[in-house]
Amino acid sequence: MTSSWSLSVLFGMCLLLALLIAIYPLSPSISVYRPEVLCLMLIYWVLHSPQQFGVGIAWFVGMFQDVVEDGVWGGHALALALVAYICMMSYQRLRSYSIGQQTFWIFVFVGIHQLFVNWIQGLDGYGGPARHMAVSALVSAACWPLLVICMRIVQRRYRIF
Amino acid sequence: MALAIALIYSKTDWFSGARQRVSDFTMPLYWFTDIPGQVGRWSGDRFASKQDLQEENTALRTEVLVLKRKLQQMASLTAENTRLRQLLNSADTIEDRVLVAELIGVSPDPMRHKVMINRGSADGVYIGQPVVDAFGLVGQVVEVGRHTGRVLLITDSSHALPVQVNRNGIRLVAEGQGDLFELQLRFVSSTTDIQEGDLLVTSGLGQRFPPGYPVALVESVSHDPGKPFATVTARPMAELNRNRHVLLVFDRHVVSDADDSPAASPGG
């Protein structure tokens, strides 16, 4: 019980941090290279404990991101719920992969995420060029090993597994 | 469900009330992310060397002198303008009241050109209020919270504003392209007298922006015989990517003056 509770607290803190990174003010030229930390964080937690974090939580997290970012409401919610669903379907396989193989799959996942977010934003007339999506997915995938290492250190430090 | 919400959001305005309200709750996050920048500026102020400050002081003194000289001419020109306007029986243009606001955040999406400012309805900010900086027009307020507001920049792809060529008064529409350094002029017929380096100013026709604020400089004019209109791009005057402080212009009275001037001028 306590373990599950502290896991949720850690999850919440990670998400808050990721959200702050997602809205940290950057000029538009640099903002293109901003990694989708929130998406990565969610994938990490779904792979880590798929029994606790699933599509529903992903939907709420995405909705919260939309509201905070002032994007089209429902864009990130849809994309994150979809990515969480794919992760839940394939977490057994993904977990057994090496970090390098995982990174490749993360690239695909973030790509799917970006595709859907971009499509929904496009409904409002704010769709970006495909180049931005590819760059963002690449940068995000490159951040994946870093995120995994950081999360492992944090979990060992506070003995939350 | 997410898809339904997205469709409702983008195709109807049912959520607009909720959007205004949530901005009060989401703004603290933007405040929070602005802290590193504030610390940086604070330390920059604190630890500036004496020599730097003296140099800055000298530069500012020179600038004040130059501006004061301009202002001297301005006073007589304003008086002359008022007299001429009285001769023409048209409404006086009163000097606009302004309020300084500080940027606290920018939109995280690179395609969306919106910035957050630290003034809201408590300071009298209203939706549609024009925002300028030291060099030109920045945009307009689109969302107002209690102590914060959101400004849509003129370069946002959903923004267009009526402008005038300062040289000859031709009226045009400048449209944002989603690029911070580019505006596109719509429906410029090939025979229009417009050239590179022309200054575009607000024309005041949309009743949104007060007339006469510089908007952009024409950067390129290309006539393609295959197209009905010339392609004209302009570069915004305002430093949209680096300004820290902006001015909110209160110009409600301009609109109301225009409304009741026909009735007021014969009596006065």
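Note that this is a predicted model, so its numbers are computed, not measured.

Basis of the calculations
- Residues numbered from 1 in each chain as written.
- Chains lettered and ligands numbered in written order.
- Predicted model: local features only at pLDDT ≥ 70, side-chain atom pairs only at ≥ 80, totals over all residues.
- Heavy atoms only, no water.
- Domains from an automatic or database assignment.
- Contact = heavy atoms within 4.5 Å.
- Buried area = accessible area lost by both parts, 1.4 Å probe.
- Salt bridge = Lys/Arg side-chain N within 4 Å of Asp/Glu carboxyl O.
- Polar contact = N/O pair within 3.5 Å; in protein donor to acceptor, adjacent residues only side chain to side chain.
- Nonpolar A, V, L, I, M, F, W, Y, C, P; charged D, E, K, R; others polar.
- Pairing = 2+ DSSP bridges.
- Helix = DSSP H or I, 4+ residues; strand = E, 2+ residues; numbered from the N terminus.
- Expected span 1.5 Å × (residues − 1).
- Buried < 20%, exposed > 50% of the residue type's maximum accessible area, 1.4 Å probe, protein only.
- Patch = residues over 30% accessible without salt bridge, like charges linked within 9 Å, V, L, I, M, F, W, Y side chains within 5 Å.
- Areas by Shrake-Rupley, 256 points an atom, 1.4 Å probe, with all protein chains shown as cover.
- Axes fitted to C-alpha atoms, helices over the stretch in contact; angles between N-to-C directions.
- pLDDT = per-residue confidence, 0-100.
- Phe/Tyr/Trp six-rings, centres within 6.5 Å; stacked < 30°, edge-to-face > 60°.
- Lys NZ or Arg CZ within 6 Å of the ring centre and 35° of its normal.
- Core = buried A, V, L, I, M, F, W, Y, C linked by side-chain atoms within 4.5 Å.
- Disulfide = S-S within 2.5 Å.
- Parallel < 35°, antiparallel > 145°, perpendicular 65-115°, else oblique.
- Left-handed = near helix turned anticlockwise from the far one by under 90°.

Bringing the domain arrangement of chain B into the picture now. All names here are of chain B. Segmentation of chain B into domains returns domain 1 (2–33) and domain 2 (97–263). On a C-alpha basis, the centroid separation for the pair domain 1 and domain 2 is 24 Å. With eight residues of domain 1 in contact, the opposing surface of domain 2 contributes 15 residues. Area buried by domain 1 at its contact with domain 2 is led by Gln-20, Met-27 and Tyr-30, which between them contribute 56% of it. Taken together, domain 1 and domain 2 are joined by zero salt bridges. For the pair domain 1 and domain 2, the number of links is zero residue pairs in polar contact (both at pLDDT 80 or more). Of the residues contributing to the side of domain 1 that touches domain 2, the split by class is three nonpolar, three polar and two charged.

Take the pairing of strand S8 (residues 183–189) of chain B next. On a regular strand, one side chain projects to one face of the sheet and the next to the other, so that they alternate. All names here are of chain B. For strand S7 (residues 171–176) and S8, the ladder comprises four bridges, and the chain directions are antiparallel. Across the sheet, residue Glu-175 finds its bridge partner in S8, namely Gln-184. Hairpin connection of S7 to S8: six residues between the antiparallel strands, including Gly-178 at a positive phi of 80°.

Contacts between the two partners involve 34 residues from chain A, matched on the other side by 34 residues from chain B. For the pair chain A and chain B, the summed buried surface comes to about 3000 Å²; carbon and sulfur atoms form 68% of the total. Looking at the side of chain A facing chain B, the largest losses of area belong to A:Asp70, A:Trp73 and A:Tyr126, adding up to 28% of the total buried there. Between the two partners, chain A and chain B, sit three residue pairs in polar contact (both at pLDDT 80 or more).

Moving on to helix H6 (residues 99–123) of chain A. All names here are of chain A. With 25 residues, H6 extends 36 Å between its outermost C-alpha atoms, agreeing within 8% with the 36 Å of an ideal straight helix rising 1.5 Å per residue. Taken residue by residue, H6 has Gln-102, Thr-103, Ile-106, Phe-109, Val-110, His-113, Gln-114, Val-117, Asn-118, Ile-120 and Gln-121 as its buried positions. Looking one or two residues beyond H6, the residue adopting positive phi is Gly-125, at roughly 85°.

This part takes up a nonpolar patch on the surface. All names here are of chain A. Taken together, Phe-104, Trp-105, Phe-107 and Leu-138 make up a surface patch of nonpolar side chains, about 400 Å² in accessible area. Assignment of secondary structure puts Leu-138 in helix H7 (residues 130–158). Using a relative accessible area of 53% as the deciding quantity, one classes Leu-138 as exposed.

All names here are of chain A. With respect to the secondary-structure elements, Ser-140 resides in helix H7. Residue Ser-140 is classed as buried on the basis of its relative accessible area, which comes to 0%. In this structure the side chain of Ser-140 is engaged in a polar contact, spanning 3.0 Å, whose partner is the backbone nitrogen of Glu-36. Here Ser-140 is in contact with Pro-35, Glu-36, Leu-40 and Val-110, once residues within four sequence places are set aside.

As a further point, take the sheet that holds S7(B). All names here are of chain B. One closed barrel accounts for six strands, arranged S6-S7-S8-S11-S10-S9; its pairing is antiparallel. Pairs of neighbouring strands in the sheet enclose a mean axial angle of 40°, with direction left out of account. Inspection of the sheet shows S8 paired to strand S11 (residues 229–236) by five bridges, in the antiparallel sense. Bridge assignment links Val-188 to a residue of S11, and that residue is Ala-230.

Quick look at the confidence of the model for chain B now. The predicted model of chain B averages 81 in pLDDT, with 88% of residues at 70 or higher. The low-confidence segment residues 253–268 of chain B (pLDDT under 50) makes 10 contacts with residues lying over four places distant or belonging to another chain.

This paragraph deals with the pattern of salt bridges. Using the criterion set out here, one finds nine salt bridges over all chains in the structure. Because the salt bridges share partners, they merge into one network encompassing B:Asp34, B:Glu102 and B:Arg244.

Residue and element names in this part refer to chain A. Across all of its chains, the model carries 11 aromatic pairs over all chains by this definition. Ring centres 4.0 Å apart and planes at 20° place the aromatic pair Phe-11 and Phe-53 in the stacked group. Residue Phe-11 is found in helix H1 (residues 2–23), and its partner Phe-53 is found in the loop between helix H3 (37–48) and helix H4 (55–69); the two are separated by 42 residues along the sequence. An identical accessibility class is assigned to Phe-11 and Phe-53; each is buried. Taking the centre distance of 5.2 Å and the plane angle of 90° together, the rings of Trp-59 and Phe-60 count as edge-to-face. One aromatic cluster is present, built from ring pairs that chain together Phe-11, Tyr-44, Trp-45, Phe-53 and Trp-144. Positioned above the aromatic ring of Tyr-158, the side-chain terminus of Arg-157 is 5.2 Å from the ring centre.

All right, on to the nonpolar core then. Among the nonpolar cores identified, the biggest contains 44 residues, and A:Met41, A:Leu42, A:Ile43, A:Trp45 and A:Trp144 are the most heavily contacted of them. Looking at this core, the elements that each hand over two or more residues are H1, H3, H4, helix H5 (75–96), H6 and H7 of chain A together with helix H2 (16–46) of chain B.

Okay, the state of the cysteines next. All names here are of chain A. Under the definition given, this model contains zero disulfides over all chains. In this structure Cys-14 is a free cysteine whose sulfur lies 10.0 Å from that of Cys-150, the closest cysteine sulfur available. Given a relative accessible area of 9%, Cys-14 falls into the buried group.

A few words on the packing of H3(A) against H5(A). All names here are of chain A. In the contact formed by H3 and H5, the axes pass within 8 Å of each other and the chain directions differ by 45°. By the angle class used here, H3 and H5 are oblique. As for how H3 packs across H5, the hand of that crossing is right-handed. Counted together, Cys-39, Leu-42, Ile-43, Val-46, Leu-47 and His-48 of H3 and Leu-80, Val-83, Ala-84, Cys-87, Met-88, Tyr-91, Leu-94 and Arg-95 of H5 form the full contact between these two elements. Tallied by class, residues from the contact of H3 with H5 come to 12 nonpolar, one polar and one charged.

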